[in-house]
Amino acid sequence: MTTAKIELPPKLIPVFSGEARYRGAFGGRGSGKTRTFALMTAVRAYMFAEAGQSGMILCAREYMNSLEDSSMEEVKQAIRSVDWLDAYFEIGERFIRTVNRRVHYTFAGLSKNLDSIKSKARILIAWVDEAENVSETAWRKLRPTVREAGSEVWVTWNPETDGSPTDTRYRKNPPSNSKIVEINYSDNPWFPEVLEQERLDDRDSLDDATYAHIWEGAYLENSDAQILSGKYRVAEFEPHPQRWDGPYFGIDWGFSQDPTAAVKCWVHDRCLYIEYEAGQALLGNDRIASFMIERIPGIADHVVRADNARPETITHVKDSDGGRRATLPRIEAVDKWPGSVEDGIAHLRSYREIIIHPRCVETIKEARQYSYKVDRLSGDVLTTIVDKFNHYLDATRYALSPLIRKKEKSWMVMSKYRG
């Protein structure tokens with residue numbers, strides 16, 4: 001009999017030892033929980049298939065509009081990291097399955113696909129990643145759907161709100177027959193050096209509450225420091241181009257590991273609607289236009305306002321190179337002026353409400369974390385903006401720059417007149 005060896009963070013070994021209906025882990029960034037759970041779905045798929053069981057491994061998130069928003073890439077990387085698993089699975093661009101075709105993966109968003117998930121047969125494991133935002137309705141519908149003998153529900157999340165449905169169900173009142181632990185970067189023996197440097201930078205630059213939320217799994221408590229606190233909500237909507245102002249398009253260029261980020265938004269009845277987003281780190285200049293066109297409807301047909309810090313990139317994205325690549329022919333650099341960031345934030349907060357479509361998952365994350373610095377000693381909220389969690393929101397400011405500039409100029413004219 002051959003014995004296979006899998007290395008897990010020690011704190012997660014008890015989670016996957018023995019029988020359990022529910023397995024889960026919560027905590028901050030860099031803990032290794034997502035990679036470990038992805039790996040263990042493959043191990044269990046192998047075990048099911050070898051035992052002659054057929055069915056699916058369901059990998060779900062609250063919001064998922066395409067496979068790019070799913071856990072598929074994590075699962076693929078986990079499988080490829082272990083030779084005997086890599087040999088046991090067939091991996092395609094849009095599928096993962098065992099070579100004997102007994103077990104396959106399905107990736108789904110709970111917010112839109114609950115009814116279809118309910119009709120899916122033989123769910124062996126349902127793993128819900130980034131589960132902090134899963135609604136109570138979703139949990140009530142999903143759990144009885146996973147009903148095969150020996151089936152399990154797995155949950156991983158970064159806590160954010162004290163009292164969220166996921167936190168209440170699996171942290172404060174864990175169900176019977178569950179194995180759920182807290183795990184953070186300090187529990188990960190393979191915590192990478194690149195993240196350690198980021199952690200140290202955050203420790204020195206962020207307030208304690210924000211640092212603890214990101215790295216130590218604490219609730220995000222400092223609402224006074226959150227720039228958009230109380231100004232936004234997540235909801236589906238359908239634009240009405242004949243009655244709404246816009247659309248407005250903006251791009252923020254990526255540097256190093258930061259993503260090149262773009263958004264499409266509208267204005268109506270003193271509300272800002274963010275409808276689409278697209279972004280990727282290390283996106284080459286030749287791919288920017290085609291990448292955005294594939295993901296943001298209408299971006300090639302309208303004015304796109306971009307960060308003026310990269311004029312050579314704007315020229316490149318506008319130039320088709322003799323028809324050899326896609327372009328954004330109406331892209332232009334935004335104006336900046338002293339205080340333009342602050343004016344932009346004031347403009348965002350001036351809307352009665354900011355409605356972010358659920359498909360804009362990165363914009364939603366930024367809206368939660370975009371914040372002012374907090375003095376480490378006094379706890380006072382300062383006026384300095386933390387230069388993080390702002391790529392998609394900067395793109396939004398650029399998209400709206402004519403509206404912001406118009407308002408700023410009007411204020412200058414009024415001030416001059418009153419003076």
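In what follows, the accompanying structure is described.

Right, let's get into the packing of helix α5 (residues 136-145) against helix α6 (residues 165-172). When two helices pack together, their arrangement is given by the angle between the helix axes and by the axis-to-axis distance. The interhelical angle for the contact between α5 and α6, taken along N-to-C directions, is 55°, at an axis separation of 8 Å. As judged from the angle between their axes, α5 and α6 are oblique. On the side of α5, the interface is formed by Glu-136, Trp-139, Arg-140 and Arg-143, while α6 contributes Pro-165, Thr-166, Arg-169 and Tyr-170.

The next subject is the environment of Pro-239. Its location among the elements puts Pro-239 in the loop between β9 (232-234) and β10 (245-252). Separated by 34 residues in the primary sequence, Pro-239 and Tyr-273 have C-alpha atoms spaced 8.4 Å apart. Aside from chain neighbours lying at most four places away, what touches Pro-239 is Trp-244, Trp-266 and Glu-275.

Time to look at the environment of Arg-147. The residue Arg-147 is located in the loop between α5 and β7 (152-157) in this model. Sequence-wise, Arg-147 and Ile-125 are 22 residues apart; in three dimensions their C-alpha atoms are separated by 9.7 Å.

Hydrogen bonds along the backbone pair up the strands of a sheet, which may run parallel or antiparallel. Spatially, the seven strands line up as an open sheet ordered β9-β15-β12-β11-β10-β13-β14, and their pairing is mixed. Because the sheet does not close on itself, it has two edges, and the strands there are β9 and β14 (331-333). Put simply, the sheet's adjacent strands are angled 30° from each other on average, direction ignored. Contacts between helix α9 (residues 285-295) and the sheet are confined to β11 (259-268) and β12 (271-281), with β12 contributing the most and set at about 135° to the helix. Set on the sheet, helix α12 (residues 361-369) makes contact with β9, β11, β12 and β15 (353-356); between it and β12 the angle comes to about 110°.

On to empty space enclosed by the protein, then. Regions of empty space are outlined by a rolling probe, equal in size to a water molecule, passed over the atoms. Inspection of every chain in the model, using the stated rule, returns two cavities of 30 Å³ or more. In this structure, the largest cavity occupies an estimated 90 Å³ of space. Forming the boundary of the largest cavity are Val-334, Asp-335, Lys-336, Trp-337, Ser-340, Arg-397, Tyr-398, Ser-401 and Ile-404. Elements that contribute at least two residues to the lining of the largest cavity include exactly α13 (391-399) and α14 (401-418). Grouping the constituent residues of the lining of the largest cavity by class yields four nonpolar, two polar and three charged.

It is worth spelling out unusual backbone geometry at this point. Cis geometry marks the peptide bond from Gly-246 to Pro-247, where omega comes out at 10°. Despite not being glycine, Asp-269 shows a phi value in the positive range, around 50°. Inspection of the secondary structure assignment puts Asp-269 in the loop between β11 and β12. With a phi close to 60°, Arg-270 is a non-glycine residue in the positive phi region. Secondary-structure assignment places Arg-270 in the loop between β11 and β12.

On to the pairing of β15, then. Both β9 and β15 contribute to a ladder of three bridges, which runs parallel. Residue Arg-233 lies in a different strand from β15, and its bridge partner there is Ile-355. One ladder, built from four bridges, connects β12 with β15; its direction is parallel. By the bridge assignment, Leu-272 is partnered in β15 with Ile-354.

A separate point is the pattern of salt bridges. In this structure the tally under the stated criterion is 29 salt bridges. In this structure, Asp-167 and Arg-171 form a salt bridge, with 3.7 Å as the shortest nitrogen-oxygen distance. Taken together, the residues Asp-167 and Arg-171, both in helix α6 and four residues apart, mark about one turn of the helix. Measuring nitrogen to oxygen at the nearest pair gives 3.5 Å for the salt bridge that ties Arg-305 to Glu-332. Here the residue Arg-305 occupies a position in strand β13 (residues 304-306), and Glu-332 occupies one in strand β14, the gap between them amounting to 27 residues. A cluster of three or more residues bridged by salt bridges with shared partners is formed by Arg-61, Asp-129, Glu-130, Glu-362 and Lys-365.

Within α12, seven of the nine residues are buried, which leaves the element mostly enclosed by the surrounding structure. Within α12, the full set of buried residues consists of Val-361, Thr-363, Ile-364, Glu-366, Ala-367, Arg-368 and Gln-369.

Turning our eyes to something else, we now look at the pairing of strand β5 (residues 103-109). Extensive coverage of β5 is indicated by the burial of six of its seven residues. When strand β2 (residues 55-61) meets β5, the two strands line up parallel, connected through seven bridges. In the strand pairing of β5, Leu-58 is matched with Thr-106.

Per the counting criterion, the structure on display carries zero disulfides. You can see Cys-265 has no disulfide; the closest cysteine sulfur is in Cys-360, sitting 9.8 Å from it. On the basis of relative accessible area, Cys-265 is assigned to the buried category, the value being 0%. No disulfide involves Cys-271; its sulfur sits 13 Å from the nearest other cysteine sulfur, which is in Cys-265. With relative accessibility at 2%, the residue Cys-271 sits in the buried group.

What follows covers the side chain of Arg-325. Within the secondary structure layout, Arg-325 lies in the loop between α10 (311-318) and β14. Not counting chain neighbours up to four residues away, the residues in contact with Arg-325 comprise Asp-286, His-316, Asp-319 and Ser-320.

So, how was this worked out
Residues numbered from 1 in each chain as written. Predicted model: local features only at pLDDT ≥ 70, side-chain atom pairs only at ≥ 80, totals over all residues. Heavy atoms only, no water. Axes fitted to C-alpha atoms, helices over the stretch in contact; angles between N-to-C directions. Helix = DSSP H or I, 4+ residues; strand = E, 2+ residues; numbered from the N terminus. Parallel < 35°, antiparallel > 145°, perpendicular 65-115°, else oblique. Contact = heavy atoms within 4.5 Å. Pairing = 2+ DSSP bridges. 1 Å grid on protein atoms, 1.4 Å probe; cavity = no way out; pocket = protein on both sides within 12 Å on 5 of 7 lines; lining within 4 Å. Points joined across faces, edges and corners; volume = space filled by probe spheres on them. Nonpolar A, V, L, I, M, F, W, Y, C, P; charged D, E, K, R; others polar. Salt bridge = Lys/Arg side-chain N within 4 Å of Asp/Glu carboxyl O. Buried < 20%, exposed > 50% of the residue type's maximum accessible area, 1.4 Å probe, protein only. Disulfide = S-S within 2.5 Å.

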